[in-house]
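Commentary on secondary and tertiary structure
The residues making up each chain are set out below.
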Amino acid sequence: MTETYSVDVRITPREGILDPEGQTIARALGNLGYEGVTAVRAGRLIELVIEAEDAEAARATVERMCEELIANPIIEDYAVRVREGVPG
Amino acid sequence: MTETYSVDVRITPREGILDPEGQTIARALGNLGYEGVTAVRAGRLIELVIEAEDAEAARATVERMCEELIANPIIEDYAVRVREGVPG
Amino acid sequence: MTEATLDAAGAGTEVREPPITPELVAEHGLSPEEYERILAILGRAPTIAELGVFSAMWSEHCGYKNSRPLLRTLPTEGPRVVQGPGENAGVIDVGDGWGVAFKIESHNHPSAVEPYQGAATGAGGILRDVFTMGARPIALFDSLRFGSLDSARSRYLLDGVVRGVGDYGNCVGIPTVGGETVFDPAYERNPLINVMCIGVLPLERLIRGTASGVGNPVMAVGARTGRDGIHGATFASEELDEEGADSRPQVQVGDPFTEKLLLEASLELIERDLLVGIQDMGAAGLTSSATEMAARAGSGIDIDVGLLPVREAGMTPYEMLLSESQERMLLVAKPECEHEVREVLERWDLQAATIGRVTDDGMFRVRRDGVVVAEIPVLPLVDECPTYVREGVEDPEVTARRARDLGPYRDFADDAAVASALRTLLDAPSIASRRWIYEQYDTSVQTNTLQGPGGDAALLRLPAAPRALAAATDGNGRYTYLEPRTGGRSAVAEAARNLACTGARPAAVTNCLNFGSPLRPEVYHQLSEAVRGMGEACRALGTPVTGGNVSLYNETGGQPVYPTPVVGMVGILDDLERRVPSAFQAAGDEIWVAGVTRDEIGGSEYLAACHGQVAGAPPALDLDAAVALVDFLVAAAAEGRVRSAHDCSDGGLAIALVECAIAGGALHGFEADLDLAPREPGGATPLSAAALWFGESQSRVVLTCAAGGGEALAALAARAGVPIARVGRVGGPDCRLRGARHEVAASAAELSRIYETALPRRMREEAGLTS
Amino acid sequence: MNVGIVRFPGSNCDADVYRAVTEGLGERATYLWHKSHDLDGVDVVVLPGGFSYGDYLRAGAIARFSPIMREVIEFARGGGLTLGICNGFQVLCEARLLPGALVRNQGLRFRCHDTRLRVENANTPFTTAYRDGDVLRIPIAHGEGQFVADPDTLDALEAEGRVVFRYVDERGEATPEANPNGSARNIAGIIDPAGRVLGLMPHPERVSLPVLGKTDGLGVFRSLLDAVRGGAGATGVPAEAGARIAGAAAGTGAGR
Ligand SMILES: Nc1ncnc2c1ncn2[C@@H]1O[C@H](COP(=O)(O)OP(=O)(O)O)[C@@H](O)[C@H]1O
Ligand SMILES: [Mg+2]
């Protein structure tokens, strides 16, 4: 029997890797008059719905997907979060 | 006095808007032999660090940023999440 | 300087100065003899920062240790040459006060690790080399080598590299109008990514990378310096990391947006005459730009790395000196102009920091917050990199391959076998249409493109109207592997032929030498022989070498890539209205073949694609014939005698004819009798069927002229000493070929489908996802 | 006619528009710096192609807030002739001067090649040099050119004749194969309700120079010249439908 899990993958530039998009957004916010923004990082978000035995299995599968396809571990970090059910 | 907040903005394609990137990832995962993936959506993630009076002020400011710049309501939904402190 | 004034760590930092052990020296790629030389130059032991500087400057990439003596044999002078090798890019005079700056560079290793960013930053680096000469980039070319597309890794690399070149060039607004793409298992784990950039400039605005004028400010401009691409990777990262983290990315990320700003700002600074010199912080970053600029001027440079804008906290002088963060430049402003320079840069939203001054003591002096951390005499550092002339020996395996009996592949059982070989070749990724690649590139931005990818050479209009610039890249690794000297000659001659097909006269050459480790005698043999062949061809064709790049150590698991010299050639078409396309133009036109077909199938794509064989001697390259053909093509175009001209290369005559039929906008069937094509004078040697159909004899071209125009064309050829013969006629929906008692007929539409779908079919599953 | 061309950081077709207007048409063009607040009295404003702000975040999203956009928006709202090409179209949508949005190409890849465009409305100040139904050959060069809008907006655009250009095949039909980026209803270019603001993804300025041997795009600039000369000018009424220039590029484009 499998359950349905909603899995979020947050993908962000690795520490020390240049993030020109984040920098440009930060500057644009400054130009728009927003103050107090000290850092902006631009990343990607992948939401999956997946059938798996249990939450651990869902996580393990998605982590493999990240290594293989979804993220580029050479320049990106990723974080996987698993919830039960389909997204609301 | 202001505090430091880490704010996540999750931007996802609006209901009814095509998501070719999500579809492509879904197809690619299938080709790689992953089973049980029933949906994939690809969005963007913007992480901000911001100084604000309190969490509510931080949220309000970032929501204004989203309305004005960060998201395009014609094609995108956004969700804001605020946490205290700088990201770990 | 005395030991006492040296503080390796600089003020206020906690770093300990690691002892300079023999291991440390070895890890920096320096031999004990080279280290002795450093001791002699300094008169003392180097600091760690100094060791890093020597290691970078005396690397193959900057110092050309193993290649310099060979490169010296190349011709570098000619009436058009304004700037030869040694600068950021070469420059030729194209008339009316205009110059063309151009250079090719490799980014092989970064692309093998991260194809998208590796290729993108490769494009970025070569763009900077060109605009720092004062030239506005008008075109990019990418010369690519990958393993077989049957491998998922190769497909991933191709996809990433093409998106990387495209996203970068497209964003900056430079059309990518040509290149090459070759697939062979020899490149499976070590792809080659060479990018050429061409720019135009008013010659009076030519500026060089020099640091002259004592007291002039030295400014770092553009992106902040991070820890990316720091040389000496493994060792340096661990030993010198103040935070002790292992988070030092080697991968450089490109920012084409900043590049575009740098491009516009640099050209504005040069136009307003505010600079003494300017140079990209490319390989070996700040170190090479500062010391090379000082060396060219015979001056010294005194900088304080504490003033350098950085991206990360806690960077050491070593790291700041050797970082290869992208989109940075070093400039030396004219006296009194510093303020105005800043204004221009600010207008373009760019950061600038004055990090030092020009001196007259001939020293490269580096401080950290005032305290000297490195002090090296510039000239010995830059110009006295030890060079090596080695013994080269041919690999017996290659000797054996060349001698292999090709008998079994010379004939075809029946017509169906010929037809099948023809289809296999049209479907071969190294021959098939590259549309899948070049449609991901902006090819028409800047409105100069008279002929983009898909023809023999790209044609761009020049401000020196009605002249146009023709350019192409060429190189055949398989030929060079089998016979390096012939490979070197062929690379130059094919490029010249490609240009001449459009009607342009070849003018000058840049080149990229992609080889394995020169420490292997068999690789050194390849390198020295290939360079010899290139030099011979350049001299014969009157195309001096104005620059280039050497990429050695292209090997994995002890297996070097094919030795691959890539030639980037530019030429001039006097009247753009006289340009000649490569595809057939109209039914009824006569088809002619110029140049001799010999019994040559060695090294051919036919042997590789149809029989899996890399063997035989590559086709001979007769330099006199190559020169005569170029002269003939240029004259024929100038007199308006040809409607189309296409070089005959991979896949031989049959493929060249079919390409003429299907590679243009419209399909044009034809009939041709290959037996009519010119043979060796005397005609004694018999020609095998495979050589006639698919052999790659050099210096051949397929031409068309209007019906009745053949006599004049033949007369022109005779005058130039080029054998030529009419072989058929354009017309009908089918491609009908016969020769050596075989016949093949197929509809142009069907052959076009094979040719056009070969790459997209294989790349269908590549997702094209970002990053 | 004086055509103002806005230069955002990252614009890269500004010089091409300049050449189309000056070399192609023999009229005057003026660059407008993004940090300025002055339109220099130009007759027409062009937002050119390129990658303003690197296309970071979303194409056109950041440029839309450039200082000069305040004046551009005022100009356009007041009936000033405003043309957005490629990235300029994206900026116009982000600025809400045109409806809908341009998102990543359906195939996820940047595409650059000639497309065939059918003129759907020759009765605009940008298209009087063409005839309805003319098929032009104009290149595209974009990664984010898929036009999307909700069905009501699309229906309104169609009903009001505000779809100005559509991607078609060689027979002039708007087939899925002729659609290079997945745009809704093969839409390549649209106009605002007042008929004064046009946005399109293809690049007419790249096919406006006789020396390159292709001039199908010159009609857009000729039409503008006609509109400006006809007295409609920057803030006047829409140009007359009949005010077509004889021998305009229309003929060269049709049916090729
Ligand atoms: N990577 C590439 N990028 C752009 N254009 C390319 C690339 N590879 C090949 N081309 C173009 O495709 C055409 C065919 O290339 P090639 O087979 O090398 O031609 P030839 O044999 O005539 O030298 C040329 O116009 C070339 O410029
Ligand atoms: Mg070639």
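Remarks on the overall build of chain A
Tallying secondary structure elements over chain A gives two helices and three strands in all. A compact globule built from 88 residues would reach a C-alpha radius of gyration of about 12 Å, whereas chain A, at 16 Å, exceeds it by more than 25%. Seen along its three principal axes, the alpha-carbon backbone of chain A occupies a region of about 55 × 30 × 15 Å. Among the 88 residues that make up chain A, the fraction classed as buried is 49%. Considering only contacts in chain A between residues 6 or more positions apart, those separated by 24 or more positions represent 75%. Split by element, the accessible area of chain A, about 4100 Å² in all, is 47% carbon and sulfur.

Concerning the relation of the copies chain B and chain A
Rotating chain B by 180° about the axis while translating it 0.1 Å along that axis superimposes it on chain A, leaving an RMSD of 0.4 Å. Taken together, the turn and the small shift mark the pair as related by a two-fold rotation axis. Of the C-alpha atoms belonging to chain B, the one lying closest to the rotation axis is found on B:Arg44, 2.2 Å away. A shared interface surface links the copies, since 97% of the contact residues of chain B are contact residues in chain A too.

Brief notes about the environment of C:Pro618
Residues and elements named next belong to chain C. By secondary structure assignment, the location of Pro618 is in the loop between α21 (605-611) and α22 (623-638). Judged by its relative accessible area of 4%, Pro618 is buried. Separated by 110 residues in the primary sequence, Pro618 and Gly728 have C-alpha atoms spaced 28 Å apart. Setting aside anything within four residues of it in sequence, one finds Pro618 in contact with Tyr479, Leu482, Glu483, Thr486 and Gly602.

Examining the interface of chain A and chain C
With 13 residues of chain A at the contact, the number on the chain C side is 15 residues. Between chain A and chain C lies a buried interface of about 1300 Å² when both sides are counted; carbon and sulfur atoms form 64% of it. Here chain A is connected to chain C by zero salt bridges. Here chain A and chain C share two residue pairs in polar contact (both at pLDDT 80 or more) between them. A per-element tally of the side of chain A that touches chain C places helix α1 (residues 20-31) of chain A first, with three residues.

What to know about the interface of chain B and chain A
Each partner contributes residues to the interface: chain B has 31 residues there, and chain A has 31 residues. For the chain B and chain A pair, buried surface summed over both sides reaches about 2900 Å², with 56% attributable to carbon and sulfur atoms. Area buried by chain B at its contact with chain A is led by B:Tyr34, B:Leu45 and B:Glu47, which between them contribute 21% of it. Counting across the chain B and chain A interface gives six salt bridges. Of the charged contacts in the structure, one is a salt bridge between B:Arg10 and A:Glu47, with a shortest N-O distance of 3.0 Å. Across the chain B-chain A interface, the total number found is 20 residue pairs in polar contact (both at pLDDT 80 or more). For the side of chain B that touches chain A, the elements supplying multiple residues, two or more each, are β1 (3-13), α1 (20-31), β2 (37-52) and α2 (55-70) of chain B. In terms of residue count, the dominant contributor to the side of chain B that touches chain A is β2(B) (15 residues). Summarising the sheet, strand β2 (residues 37-52) of chain A and β2(B) pair through 13 bridges and their orientation is antiparallel. Each residue of the ladder has a partner; that of A:Leu45, found in β2(B), is B:Gly43.

Describing the pattern of salt bridges
As a working rule, side chains carrying opposite charge can pair if their charged atoms are close by. Residue and element names in this part refer to chain C. Using the criterion set out here, one finds 89 salt bridges over all chains in the structure. Residues Arg296 and Glu292 are paired through a salt bridge, measuring 3.7 Å at the closest nitrogen-oxygen approach. In this pair, Arg296 and Glu292 are both assigned in helix α11 (residues 285-297), four residues apart and thus about one turn of the helix distant. In this structure Arg296 comes out as partly exposed when scored by relative accessible area, which is 29%. Between Asp302 and Arg367 there is a salt bridge whose closest N-O contact spans 2.9 Å. Taken together, the residues Asp302 in strand β9 (residues 300-304) and Arg367 in strand β12 (residues 363-368) connect sequence positions 65 residues apart. Using a relative accessible area of 13% as the deciding quantity, one classes Asp302 as buried.

Here's the deal with the site of ligand 1
All names here are of chain C. Not every one of the 17 residues close to ligand 1 is listed here, only the nearest: Asp142, Thr181, Gly454, Gly455 and Ser649. Take Gly455: an N or O atom from its main chain is 2.6 Å from an oxygen atom of ligand 1. Here an oxygen atom of ligand 1 sits 3.2 Å away from a polar atom, N or O, in the side chain of Glu494. Isolated, ligand 1 exposes 550 Å² of accessible area, and the fraction of that covered by the protein chains is 90%. Those elements giving two or more residues to the shell around ligand 1 turn out to be β4 (136-146), β5 (176-183) and α19 (484-501). In terms of residue count, the dominant contributor to the shell around ligand 1 is β5 (four residues).

Observations regarding the confidence of the model for chain A
Detail in the predicted coordinates should be disregarded across regions flagged by low pLDDT. A residue-level look at chain A finds 99% of positions with pLDDT of 70 or above and a mean pLDDT of 92. Summarising per-element confidence for chain A, the mean pLDDT is lowest in helix α2 (residues 55-70) of chain A (93) and highest in β2(A) (95).

Definitions and cut-offs
- Residues numbered from 1 in each chain as written.
- Chains lettered and ligands numbered in written order.
- Predicted model: local features only at pLDDT ≥ 70, side-chain atom pairs only at ≥ 80, totals over all residues.
- Heavy atoms only, no water.
- Helix = DSSP H or I, 4+ residues; strand = E, 2+ residues; numbered from the N terminus.
- Rg over C-alpha atoms; globule rule 2.2 N^0.38 Å.
- Buried < 20%, exposed > 50% of the residue type's maximum accessible area, 1.4 Å probe, protein only.
- Contact = heavy atoms within 4.5 Å.
- Areas by Shrake-Rupley, 256 points an atom, 1.4 Å probe, with all protein chains shown as cover.
- Least-squares fit on C-alpha atoms with pLDDT ≥ 70 in both.
- Buried area = accessible area lost by both parts, 1.4 Å probe.
- Salt bridge = Lys/Arg side-chain N within 4 Å of Asp/Glu carboxyl O.
- Polar contact = N/O pair within 3.5 Å; in protein donor to acceptor, adjacent residues only side chain to side chain.
- Pairing = 2+ DSSP bridges.
- Near = heavy atom within 4 Å.
- pLDDT = per-residue confidence, 0-100.

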